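Per-entry structural report
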Amino acid sequence: MAVDAPSGLLVAAIVGNGLATGATIDQAVKQLPARHRIGSADYTRYVRAADLTNGLYWYPPLGIGAAVVTLVAVAHHHGDAPPRVGLHRIGNPSPCGFGSHRAARDARPRSSATAAEPSVQ
């Protein structure tokens with residue numbers, strides 16, 4: 001069964017945005033509440049060990065890739081008539097992804113500046 005370009009882009013956009021949403025929910029529901037229990041200094045060590053090592057190779061490509069694939073799918077679909085299954089709606093997750101990225105970016109300097117300790121080895 002052959003997959004046409006709009007369907008493939010739609011699936012890629014859904015998967016990318018789903019992964020980005022899952023990563024955001026993981027941060028908000030599991031990791032940030034743990035910060036209040038373990039304290040800022042320990043949480044800063046955790047962030048340095050996790051997000052500033054492997055996270056550098058996971059989160060930026062995921063966030064940027066999901067946004068780019070979504071925008072390409074929207075651009076590819078723009079002007080096609082009639083709209084296919086949900087393609088006209090997939091432009092909406094992109095601002096949400098940029099918003100969560102901005103919130104995480106703004107929180108990063110505060111969390112890493114809370115503890116003046118040497119980096120985790």
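As a starting point, this report considers the structure included with it. Fair warning: this is a prediction, and the values are worked out from it, not measured in the lab.

Secondary structure assignment for the chain yields four helices and zero strands. In the chain, the order of α-helices and β-strands from amino to carboxyl end is α-α-α-α. Residue burial in the chain is summarised as follows: out of 121 residues, 22% are buried. Sequence separation of at least 24 residues holds for 72% of the intrachain contacts in the chain that already meet a minimum separation of 6. Of the roughly 8100 Å² of accessible surface on the chain, a fraction of 66% belongs to carbon and sulfur atoms.

A few words now on the packing of aromatic side chains. The geometry of two aromatic rings is summed up by the distance between their centres and the angle between their planes. In total, this model carries one aromatic pair according to the counting rule given. Residues Y43 and Y46 carry aromatic rings whose centres are separated by 5.9 Å and whose planes lie at 40° to one another, so their mutual orientation is tilted. With Y43 and Y46 both in helix 2 (residues 40–50), this residue pair falls three residues apart, about one helical turn. Judged by its relative accessible area of 4%, Y43 is buried.

Another aspect to go through is helix 2. For helix 2, the complete set of buried residues consists of Y43, T44, V47 and R48. Seen from one end, helix 2 has its buried residues packed into an arc of 140°, which puts them on one side.

Conventions we followed
Residues numbered from 1 in each chain as written. Predicted model: local features only at pLDDT ≥ 70, side-chain atom pairs only at ≥ 80, totals over all residues. Heavy atoms only, no water. Helix = DSSP H or I, 4+ residues; strand = E, 2+ residues; numbered from the N terminus. Buried < 20%, exposed > 50% of the residue type's maximum accessible area, 1.4 Å probe, protein only. Contact = heavy atoms within 4.5 Å. Areas by Shrake-Rupley, 256 points an atom, 1.4 Å probe, with all protein chains shown as cover. Phe/Tyr/Trp six-rings, centres within 6.5 Å; stacked < 30°, edge-to-face > 60°. Arc of directions from axis to C-beta.

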